[in-house]
Amino acid sequence: MNFWQLASDVVFRLFRRFEAMGAGLHRRRGRYLVVAFPMLWLSLFFLAPLLIVLKISFAEPEIAQPPYTPLVQLAAEGEYKSTLTVSTESYALIKDDDLYRAAFFNSIKTAIISTILALIIGFPMAYAIARARPDQRLILLMLVVLPFWTSSLLRTYAWLGMLKDSGIINNILLSVGVIGAPLHVLNTDWAVYLGIVYGYLPFMVLPLVATLVKMDLTLLEAAADLGCRPLKAFFKVTLPLAMPGIVAGSMLVFIPTLGEFVIPDILGGPDTLMIGRVIWNEFFTNTQWPLASAIAITMLVLIVLPLLVFEYVQNNYFSGKRRA
Amino acid sequence: MKRNWFLLSSLAFGYAFLYLPIAWLIIYSFNANKMMSVWGGFSTRWYGELLSNEALMSAAKNSLIVATLSASLAVIVGTLAALALTRLGRFRGRTLLTALTSMPLVMPEVMLGLSALLLFVTLQSAFGWPERGLGTITIAHVTLCSCYVTVVVQSRLSQMDDSLEEAAMDLGAKPWRVFMQITLPLITPSLIAGWLLAFTLSLDDLVVASFTSGPGATTLPMAIYSKVRLGLSPEINALATMIVVLVTLALAVTYFALGRTKQSSDRA
């Protein structure tokens, strides 16, 4: 018997085995198997880690391996009871230290500005794509998505090379005579906004196209027939109808930007403070694991959870409307 | 449709914005001059240096292994979750599963990486397992990627007419057989899409991999990142060009292959 026969035989038997199992089990139990595997995986590798981060955020840093104090000190020999030490030192530090406040503030600022810029660039693009012929639309959409499939790190690196004082953008602008001296864009906040808008533009364009394609164009004709000027029709008809796409696209840009590490680290200057970078530095450079954990938890509670609640409420609102 | 110059120019601007950096990466990979700001003539020297750079090549191999494994496992975990959420109606823990599959999508990567690492450290000090390295990176990537797979497969499953599955059930087919013979063939395109998405995400990830990796286990983004921190390098441009070419080819092949199956199924 050659290898392939053997392999196919094993696979076949395995399938028969599963089939028999499925037949033997009560129908409900088969269902539980489908639920149990993803549930267990995500609980173990996503939910449990979050709880561990929460735990360690209440520990104190220590020069040891791992570098934090245990919360529960089991009774050693000679002592007669275990001790529980909860330290809120890390949280107090975040509350009082200007550095961390600035990082939170700056992350939110960067996320807001980048989202607005992405919307300004993305909306006309999405509108044009949505109004193109279906065969052209597919190609235009593919072209929007294509850069996303290549490494975002390398695409950010490209901006590093292009924005340099001696980079291609400055060289072209200098030779055309638009500017007299090189623009210092690299290592500023604007380089960070640019990098983020560049990296997340597809996430803005795709939901916008999806809603704009579904729009009923006869509504615009009706508005025009009733004497509405195109610009007014845009604000009164198109924009409200595109709202779900605008919200979805903005969320898809805003949320990941808050914790973004790569783009501010490569394009921003050494002083560009963003939460993602602060967590990274506290963790890797300063080995302050409890502090890094506390910053992460603070970010989760202050920023991510409210957005999740917002999205949940909004989804229910929209799906409720659709059903009605 | 009458030409709208505003729309056309914003399209042109948008695509120029998206593709200019990629053009820069490709053009400057052929620059003979090591000083990247000056053009020193055409050369393929950096491709040779890239292929003989053992650190980058072994990192690329590591990344391919991790991405293949994570994408395959993520498709299994993600598809099961999608099936549970679309086909099982109400069950206990449904809200929890919904939350578990959607939260990693909005969680900052730094948070995911940090929490996964702290789990591994805790497990290690309790059981002496797992050793940090490619294995732990894979586990963390499966966790993240499976949620994306769930989104992709779930949207396909909820659009799909389930009358075929019901008919098979009515005719006495067991659930497993219904899945293998009816559901699976119908969702295969979305499984491929989910796999590709997971593969790309894993291949591209720097943050989670940096947190969960151990000594000696370097993935490609980690190697690129440490090189990029030292400044520009034409070798990186050569690498980027090769990735762009490979991705374009892979997408074109997938597109035509899927397009053909769609056509043939339309004809049938």
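Residues numbered from 1 in each chain as written. Chains lettered and ligands numbered in written order. Predicted model: local features only at pLDDT ≥ 70, side-chain atom pairs only at ≥ 80, totals over all residues. Heavy atoms only, no water.

## Let's talk about the interface of chain B and chain A
Worth spelling out the cut-off: Note on definitions: a residue-residue contact is assigned when non-hydrogen atoms from the two residues lie within 4.5 Å. Summed over both partners, the accessible area lost on bringing two parts together, with a 1.4 Å probe, is the buried area. Basic side-chain nitrogens of Lys or Arg form a salt bridge, by our definition, when they fall within 4 Å of a carboxyl oxygen of Asp or Glu. Under the rule applied, a polar contact is a pair of N or O atoms within 3.5 Å (in protein, one hydrogen donor and one hydrogen acceptor; residues adjacent in sequence only if both atoms are side-chain atoms). Each helix is a run of H or I in the DSSP string that is no shorter than four residues. Each strand is a run of E no shorter than two, and both are numbered from the N terminus. Think of it as three bins: nonpolar holds Ala, Val, Leu, Ile, Met, Phe, Trp, Tyr, Cys and Pro, charged holds Asp, Glu, Lys and Arg, and polar takes everything else, Gly as well.
Taken together, the contact pairs 84 residues of chain B with 82 residues of chain A. For the pair chain B and chain A, the summed buried surface comes to about 7,900 Å²; carbon and sulfur atoms form 83% of the total. Counting every contact that joins chain B to chain A gives one salt bridge. The partner of D265 of chain A in a salt bridge is R229 of chain B, with the nearest N and O atoms 4.0 Å apart. In this assembly, chain B and chain A are joined by nine residue pairs in polar contact (both at pLDDT 80 or more). It is helix α1 (residues 5-29) of chain B that contributes the most residues to the side of chain B that touches chain A, 16 residues altogether. When grouped by side-chain class, the residues that make up the side of chain B that touches chain A number 66 nonpolar, 13 polar and five charged.

## Topic: helix α10 (residues 230-258) of chain A
Note the cut-off: Each helix should span, by expectation, one fewer than its residue count multiplied by 1.5 Å. Note on bend: the value at a residue is the angle between axes fitted to the seven residues ending there and to the seven starting there.
For α10 of chain A, which comprises 29 residues, the first-to-last C-alpha distance of 36 Å sits more than 12% below the rise-based estimate of 42 Å (1.5 Å per residue). Of all bends in α10 of chain A, the biggest is about 55°, found at M243 of chain A, and the proline P244 of chain A comes one to four residues later.

## A look at the state of the cysteines
Residue and element names in this part refer to chain B. Threshold: We call a pair of cysteine sulfur atoms a disulfide whenever their separation is within 2.5 Å. Each residue's exposure class comes from its accessible area (1.4 Å probe, protein chains only) as a fraction of the maximum for that residue type: buried when under 20%, exposed when over 50%, partly exposed otherwise.
If you walk through the whole model with that rule in mind, you get zero disulfides over all chains. Free cysteine: C145, not disulfide-bonded; nearest cysteine sulfur from C147 at 8.8 Å. Take C147: its relative accessible area is 0%, and that puts it in the buried class.

## Regarding the packing of helix α4 (residues 94-106) of chain B against helix α6 (residues 134-159) of chain B
All names here are of chain B. Heads up, the condition is: For helices, the fitted axis covers only the stretch in contact; all axes are lines through C-alpha atoms, and the angles between them, taken along N-to-C directions, range from 0 to 180 degrees. Note on angle classes: values under 35 degrees are labelled roughly parallel, values over 145 roughly antiparallel, values of 65 to 115 roughly perpendicular, and the remainder oblique. Crossing handedness is read from the near helix: turned anticlockwise from the far helix by less than a right angle, it gives a left-handed crossing, and turned clockwise, a right-handed one.
Packing of α4 against α6 leaves a shortest axis separation of 8 Å and a crossing angle of 110°. As summarised for this structure, α4 and α6 are arranged roughly perpendicular, according to the angle between their axes. As α4 runs across α6, the sense of the crossing is left-handed. In this structure, α4 contributes L100, T101, P104 and L105 to the contact, and α6 contributes L144, C147, Y148, T150 and V151. Broken down by class, the residue content of the contact of α4 with α6 amounts to seven nonpolar, two polar and no charged.

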